[in-house]
Amino acid sequence: METMGNPNFKTSELIATGGMASIYKGVQTSLDRPVAIKRLHPHLTSNVDFVTRFEKEAKSVARLRHENIVSIVDFGRDEEGYYLVMEFVDGQNLKEIIKSEKKVPAEIGLIMAE
């Protein structure tokens, strides 16, 4: 496990990566609970537009309250760049479900549409 600039969180394994950020499984050390840590790619931290989008995403999701939407735990910047910490939900992601099922099963589609 690797300690971040924020000592309250430690990262372990890379879960996913996309155009703007990478997502890691981690631990919130103060509460000893699993979290997902989304880190803006280092090459984007100097781009004001990407940083603004990342911050808007954090603030928008933090205002949402629904059982099917992950909660935001923290948002900030450390020596490595910007990060967003969310609750960790174990299981398959939508991409994995579509790959294995070839389409979204009806019961999952209904939950998503709720």
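Below you will find a few notes about this structure.

What counts and how
- Residues numbered from 1 in each chain as written.
- Predicted model: local features only at pLDDT ≥ 70, side-chain atom pairs only at ≥ 80, totals over all residues.
- Heavy atoms only, no water.
- 1 Å grid on protein atoms, 1.4 Å probe; cavity = no way out; pocket = protein on both sides within 12 Å on 5 of 7 lines; lining within 4 Å.
- Points joined across faces, edges and corners; volume = space filled by probe spheres on them.
- Helix = DSSP H or I, 4+ residues; strand = E, 2+ residues; numbered from the N terminus.
- Nonpolar A, V, L, I, M, F, W, Y, C, P; charged D, E, K, R; others polar.
- Buried < 20%, exposed > 50% of the residue type's maximum accessible area, 1.4 Å probe, protein only.
- Contact = heavy atoms within 4.5 Å.
- Phe/Tyr/Trp six-rings, centres within 6.5 Å; stacked < 30°, edge-to-face > 60°.
- Salt bridge = Lys/Arg side-chain N within 4 Å of Asp/Glu carboxyl O.

### What about the layout of surface pockets?
Piece 1. Put simply, the largest pocket is a space of about 1300 Å³.
Piece 2. Those elements giving two or more residues to the lining of the largest pocket turn out to be β2 (9–17), β3 (21–28), β4 (33–40), α1 (48–63), β6 (81–87), α2 (94–101) and α3 (106–113).
Piece 3. Tallied by class, the residues present in the lining of the largest pocket amount to 17 nonpolar, six polar and ten charged.
Piece 4. Of the voids in this model, the second largest pocket is the one considered here, and its volume is about 170 Å³.
Piece 5. Lining the second largest pocket we find E2, T11, S12, S22, Y24, R39, L40, H41, P42 and E80.
Piece 6. Elements with a contribution of two residues or more to the lining of the second largest pocket: β2, β3 and β4.

### Some thoughts on the environment of G5
Piece 1. By secondary structure assignment, the location of G5 is in the loop between β1 (2–3) and β2.
Piece 2. Judged by its relative accessible area of 31%, G5 is partly exposed.
Piece 3. With 35 residues separating them along the chain, G5 and L40 place their C-alpha atoms 14 Å apart.
Piece 4. Setting aside anything within four residues of it in sequence, one finds G5 in contact with D78, E79 and E80.

### Focus on the packing of aromatic side chains
Piece 1. For the coordinates displayed, the defined rule picks out one aromatic pair.
Piece 2. Considering the side-chain rings of F54 and F75, the 6.0 Å spacing of their centres and the 50° angle between planes classify their relative orientation as tilted. Residue F54 is located in helix α1, and its partner F75 is located in strand β5 (residues 72–78); the two are separated by 21 residues in the primary sequence.
Piece 3. Its relative accessible area of 1% is what places F54 among the buried residues.

### Observations regarding the pattern of salt bridges
Piece 1. All chains considered together, the criterion is met by four salt bridges.
Piece 2. Measuring nitrogen to oxygen at the nearest pair gives 2.7 Å for the salt bridge that ties R39 to D78. Separated by 39 residues along the polypeptide, R39 in strand β4 and D78 in strand β5 bring together distant segments of the chain.
Piece 3. Judged by its relative accessible area of 9%, R39 falls in the buried class.
Piece 4. Its relative accessible area of 10% is what places D78 among the buried residues.
Piece 5. With a closest N to O distance of 3.6 Å, R39 and E80 form a salt bridge. With R39 in strand β4 and E80 in the loop between β5 and β6, this pair connects stretches of sequence that are 41 residues apart.

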